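A look at the structure
In case you want the letters, here they are:
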There are 2 protein chains.
Amino acid sequence: MARAGQTRKQSEARAATEARILDAALEVFAANGFRGATLDGIAEAAGMSKPNVLYYFPGKQEMYVALLDGLMETWLEPLEAMRSDGEPVEELRGYIRRKLDMARLYPRESRLFANEIVQGAPRIEPMLSGRLRDLVEEKAEVIRGWIAAGQLVAVDPVHLLFAIWATTQHYADFDAQVQAVAGEDAQRFETAQATLETLFLNGLQPRD
Amino acid sequence: MARAGQTRKQSEARAATEARILDAALEVFAANGFRGATLDGIAEAAGMSKPNVLYYFPGKQEMYVALLDGLMETWLEPLEAMRSDGEPVEELRGYIRRKLDMARLYPRESRLFANEIVQGAPRIEPMLSGRLRDLVEEKAEVIRGWIAAGQLVAVDPVHLLFAIWATTQHYADFDAQVQAVAGEDAQRFETAQATLETLFLNGLQPRD
DNA sequence: CAAAAATTTTTCCATCTGGTAAAATGCTAA
DNA sequence: TTAGCATTTTACCAGATGGAAAAATTTTTG
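Here's a quick rundown of the structure. (Residues numbered from 1 in each chain as written. Chains lettered and ligands numbered in written order. Predicted model: local features only at pLDDT ≥ 70, side-chain atom pairs only at ≥ 80, totals over all residues. Heavy atoms only, no water.)

Some remarks on the overall build of chain A
From N to C terminus, chain A includes 10 helices and 0 strands. Taken from N to C terminus, the helices and strands of chain A fall in the order α-α-α-α-α-α-α-α-α-α. For chain A, the C-alpha atoms occupy an extent of roughly 65 × 45 × 30 Å along the three principal directions. The burial tally for chain A puts 51% of its 208 residues in the buried class. Residue pairs at least 24 apart in sequence account for 70% of intrachain contacts in chain A once pairs closer than 6 positions are excluded. Counting 23 positive and 31 negative side-chain charges, chain A places the averaged centre of each group 6 Å from the other. (Helix = DSSP H or I, 4+ residues; strand = E, 2+ residues; numbered from the N terminus. Buried < 20%, exposed > 50% of the residue type's maximum accessible area, 1.4 Å probe, protein only. Contact = heavy atoms within 4.5 Å. Lys, Arg positive; Asp, Glu negative; His and termini not counted. Charge placed at Lys NZ, Arg CZ, Asp CG, Glu CD.)

Written out as structure tokens, the structure reads:
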């Protein structure tokens, strides 16, 4: 627990230790899912004993929720950055790029969410039908505006977002399959980006 | 064990029981992943005791592999049905439809594979880099032919297949998220189909 | 330095889980 | 009907796992 009488050095050390534990937890939860992850595994990845981990977090579930909570904002950022006043095709291109960057740079985070959601999102359903749903509804409205203005082909905006999530996160979540099928291709993210841009941007521009 | 001296009735009963167990196992593995699934859970879903389940299958792992093995063919069918001598846009439309039908009709099967692959495909990697990879290479060649003939926009065929897998399986694997964000929409598969067809088919057809 | 507070380790435990042993029951063929 | 095989159930067990208790150690503060 954070106490009143502690020095800055102490709380910095505590914050650093908590961060180390959360990083280890991310590693283990992402690779095994909530049930598959063990406190011993997390402790080992963090380089400390299991009871020591439990000194910083009250339990396994609390660590898991702390992780998901802390990552949600980061996870929503790319969509939040899509501006209603930009050029539609460029805004979408940017969004696809940012999402693909997330898959490339933060595969563990992506797999953490993937594991949770595949198993029915028992612990983050509230976040999905709250914060996420609101944001999607807001951005869907933006896309509807672009469609109404004839700047994009008429598609369901929510399902368009699903398609962007699916295709980009695929490279993190199903990396094992991507690598098994396509080989260990260091260029795979560049190829993916080119393919997805062609597909989405060509696919969404009206043909007069 | 199957014995020489058993009647047809007996082996039929055995096959039926095995099928009942595998169905229960599919339910439980798909919802919880390999590690999260318990023999007790499978036994309960199958309406029998745990040792009785183990009378039919030697162990948890064997049940899991039996399931994946048995489902792989079904899983590859939609892609196998894509004909090189058809009209490219129609062939792709058909493939997308079949994949989306799979997601709609067999969500448990989809989530079973999803769980396995998200966690690094530890038990089916050989199948992915064997049978699946070969099939993908074969069909990628077909798509390359269509592109060379100017019938499709130039995209990487393997990544195009990834995009089709990702977008269609999304509706099974991440159904919890789809429903949280879009509400419990009974029409979601129809809307998805329309959106994906617009996106992919418009996106893949050359302009002018 | 010494007391107090924070951190870490050692020990331990109850529950869950995959799997075994063996007894009990059901079924089939002679 | 009964011997023999198939099936199912009832204990049971060893290891893993989440977590608690408490002792030991380190750090901070007066």
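With respect to helix α5 (residues 88–105) of chain A
Between the first and last C-alpha of α5(A) there are 25 Å, a value that for 18 residues agrees with the 26 Å anticipated at 1.5 Å per step. Taken residue by residue, α5(A) has A:P88, A:V89, A:E91, A:L92, A:G94, A:Y95, A:I96, A:K99, A:L100, A:M102 and A:A103 as its buried positions. (Expected span 1.5 Å × (residues − 1).)

Brief notes about unusual backbone geometry
The residue A:A121 is not glycine, and still its phi comes out positive at about 50°. Relative to the elements of secondary structure, A:A121 occurs in the loop between α6 (107–118) and α7 (125–148).

Some words on the environment of A:E44
All names here are of chain A. Considering the arrangement of structural elements, one finds E44 in helix α2 (residues 39–46). Residue E44 is classed as exposed on the basis of its relative accessible area, which comes to 67%. Here the alpha-carbon distance between E44 and E90, two residues 46 residues apart in the chain, equals 45 Å.

Remarks on the relation of the copies chain B and chain A
Between chain B and chain A, the superposition needs a rotation of 180° and an axial shift of 0.0 Å, giving an RMSD of 0.0 Å. Within this description, the copies of the chain are treated as partners about a two-fold rotation axis. Across chain B, the smallest distance between a C-alpha and the rotation axis is recorded for B:G203, namely 1.6 Å. When the interface residues of chain B are mapped onto chain A, 100% of them again fall at the interface, so both copies present the same face. (Least-squares fit on C-alpha atoms with pLDDT ≥ 70 in both.)

Section: the packing of helix α8 (residues 157–173) of chain A against helix α8 (residues 157–173) of chain B
Where α8(A) meets α8(B), the closest approach of the two axes is 8 Å, and the angle between their N-to-C directions is 120°. Viewed along their axes, α8(A) and α8(B) adopt a mutual orientation that is oblique. Judged by the sense of rotation from one axis to the other, the crossing of α8(A) with α8(B) is right-handed. Across from A:H159, A:F162, A:A163, A:A166, A:T167, A:H170 and A:Y171 in α8(A), the residues of α8(B) making contact are B:H159, B:F162, B:A163, B:A166, B:T167, B:H170 and B:Y171. Tallied by class, the residues present in the contact of α8(A) with α8(B) amount to 8 nonpolar, 6 polar and no charged. (Axes fitted to C-alpha atoms, helices over the stretch in contact; angles between N-to-C directions. Parallel < 35°, antiparallel > 145°, perpendicular 65-115°, else oblique. Left-handed = near helix turned anticlockwise from the far one by under 90°. Nonpolar A, V, L, I, M, F, W, Y, C, P; charged D, E, K, R; others polar.)

Considering helix α4 (residues 60–80) of chain B
Residue and element names in this part refer to chain B. For α4, built from 21 residues, the straight-helix expectation of 30 Å at 1.5 Å per residue is met to within 8% by its first-to-last C-alpha distance of 31 Å. Where α4 bends most, at L71, the angle is about 35°. If you check which residues of α4 are buried, you get M63, Y64, L67, L68, L71, M72, W75, L76, P78 and L79. (Bend = angle between axes of the 7 residues up to and from the residue.)

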